[in-house]
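Notes for the structure review
Chain by chain, the residues run as shown.
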Amino acid sequence: MTQDELKQAVADAALAYIQPRLESETILGIGTGSTANLFIDALARIKGQINGTVASSEDSAQRLKSHGIPVYELNTVDQVDFYVDGADESNRALQLIKGGGAALTREKIVSAVAHEFICIADESKLVHTLGEFPLPVEVIPMARSHVARELVKLGGDPIYREGVVTDNGNVILDVYNFSIAQPLSIEGKINNITGVVTNGLFALRPADVLFLGTNEGVKALYAQ
C-alpha cells in the first residue's frame, strides 16, 4: 500500500471506532495535517450524527466548513468527546511528536480538553525513541534567540523555521539531533523556558489509542 492508502485506512478506522459512540450532542476535536484531512473528508459522510467540531487550525476549520460541518470555538463548548489527529512520531507509550504543520499549540489545547485522544498514522511514524523527527517549539518572536540558546544547553540543535508564522502569531524553532529518551521530563523542561509557548512533545497528555496503518492492515495500539 502507498503512504496515502495507509493514511486513508487509518482515517476510516478512526471513524469506524467512534461512530457507534456518536450522539447528537457529540463534539469532535479535529487535528491538522494530511491524515487529519482524510478523516475530515470521511467525517463528512456522517456529519448529521454529531453536533459539531472544534478545529486545531484555521486550515482544518475551513476544510470542515467546506463540507458543511459546524465548527465551534473551544470556549463555547462544554466538552470535547474525541480528538482525532495525526502525528509526526509516536513511541509505544503513545507519547508523540507533533507540530510539523505548525499547529502544535492549538492541537495541544484541544487534546488536553478531549475525553479521548485518537491518533492516526502510518507505520513509518512508530519509533523506539522520539527525536528523529525534529521537535517543533512554538516561541514568542522576541524570545527566539534566547530560547534557541536554552535549547542548545539541553543538547538540541534548534533551527528557525523560515517564513512560518503560527495561527497564534508566533514562530517555530525545530530542534534537530535531539534524542528524547525521557519525553515527560523534556516536555516540562522546554515549556519552562521563558518565551516558549509550548513544544511538540505530547507526553504529559499522550494519545489514548493509536491506529497504525501497515501493509498487513490497521493495527490498534492502546496506552498502557
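Residues numbered from 1 in each chain as written. Predicted model: local features only at pLDDT ≥ 70, side-chain atom pairs only at ≥ 80, totals over all residues. Heavy atoms only, no water.

1. Things to note about the sheet that holds strand S11 (residues 201-202)
In space, the three strands of this open sheet follow the order S4-S5-S11, with antiparallel pairing throughout. The strands lining the two open edges of the sheet, one partner per strand, are strand S4 (89-90) and S11. The pairing of strand S5 (residues 96-97) with S11 spans two bridges and is classified as antiparallel. By the bridge assignment, Leu-96 is partnered in S11 with Phe-202. (Pairing = 2+ DSSP bridges. Helix = DSSP H or I, 4+ residues; strand = E, 2+ residues; numbered from the N terminus.)

2. Section: unusual backbone geometry
Its identity is not glycine, yet Leu-94 carries a phi of approximately 65°, on the positive side. Judged by relative accessible area, which is 0%, Leu-94 ranks as buried. The phi dihedral of Asn-177 is positive, around 55°, even though this residue is not glycine. Here Asn-177 is to be found in the loop between strand S9 (171-176) and helix H6 (183-191). Take Asn-177: its relative accessible area is 63%, and that puts it in the exposed class. (Buried < 20%, exposed > 50% of the residue type's maximum accessible area, 1.4 Å probe, protein only.)

3. Some points on the pattern of salt bridges
Throughout the structure, instances matching the rule amount to eleven salt bridges. For Asp-41, the salt bridge identified is with Arg-63, shortest N-O distance 3.0 Å. Here Asp-41, found in helix H2 (residues 34-43), pairs with Arg-63, found in helix H3 (residues 58-66); they are 22 residues apart in sequence, far enough to count as distant. Relative accessible area serves as the criterion here: at 31%, Arg-63 is assigned to the partly exposed category. For Asp-174, the salt bridge identified is with Arg-161, shortest N-O distance 2.7 Å. Taken together, the residues Asp-174 in strand S9 and Arg-161 in the loop between strand S8 (157-160) and S9 connect sequence positions 13 residues apart. Judged by relative accessible area, which is 16%, Arg-161 ranks as buried. If you follow the salt bridges from partner to partner, you end up with Asp-85, Lys-98 and Glu-107 in one network. (Salt bridge = Lys/Arg side-chain N within 4 Å of Asp/Glu carboxyl O.)

4. Regarding H2
Turning to H2, its buried residues number three or more, namely Thr-35, Ala-36, Phe-39, Ile-40, Ala-42 and Leu-43. Each buried residue of H2 lies within a common arc of 165° when the element is viewed along its axis, so the set occupies one face. In this fold, the buried residues of H2 make contact with helix H1 (3-18), strand S1 (27-30), strand S2 (52-55), H3, strand S3 (80-85) and strand S6 (114-122). (Arc of directions from axis to C-beta. Contact = heavy atoms within 4.5 Å.)

5. Regarding the pairing of strand S7 (residues 135-139)
Buried residues dominate S7, accounting for five of its five residues. Covered by surrounding structure in S7 are Leu-135, Val-137 and Val-139 together with Pro-136 and Glu-138, the residues of both alternating faces. Relative to S9, S7 is paired through five bridges, and the arrangement is antiparallel. The partner of Glu-138 across the bridge, within S9, is Ile-172. Bridge analysis of S7 against strand S10 (residues 196-199) gives three bridges, and the strand direction is antiparallel. Paired with Glu-138 across the bridge in S10 is Thr-198.

6. Quick word on the nonpolar core
Among the nonpolar cores identified, the biggest contains 26 residues, and Leu-28, Phe-39, Leu-43, Ile-118 and Phe-211 are the most heavily contacted of them. Breaking this core down by element, the ones donating at least two residues are H1, S1, H2, H3, S3, S6 and strand S12 (209-214). Per element, the largest residue contribution to this core is six residues, and it comes from H1. With residues up to four places along the chain from it excluded, the contact list for Phe-39 reads Ala-11, Ala-14, Leu-15, Ile-18, Ile-30, Val-84 and Ile-120. (Core = buried A, V, L, I, M, F, W, Y, C linked by side-chain atoms within 4.5 Å.)

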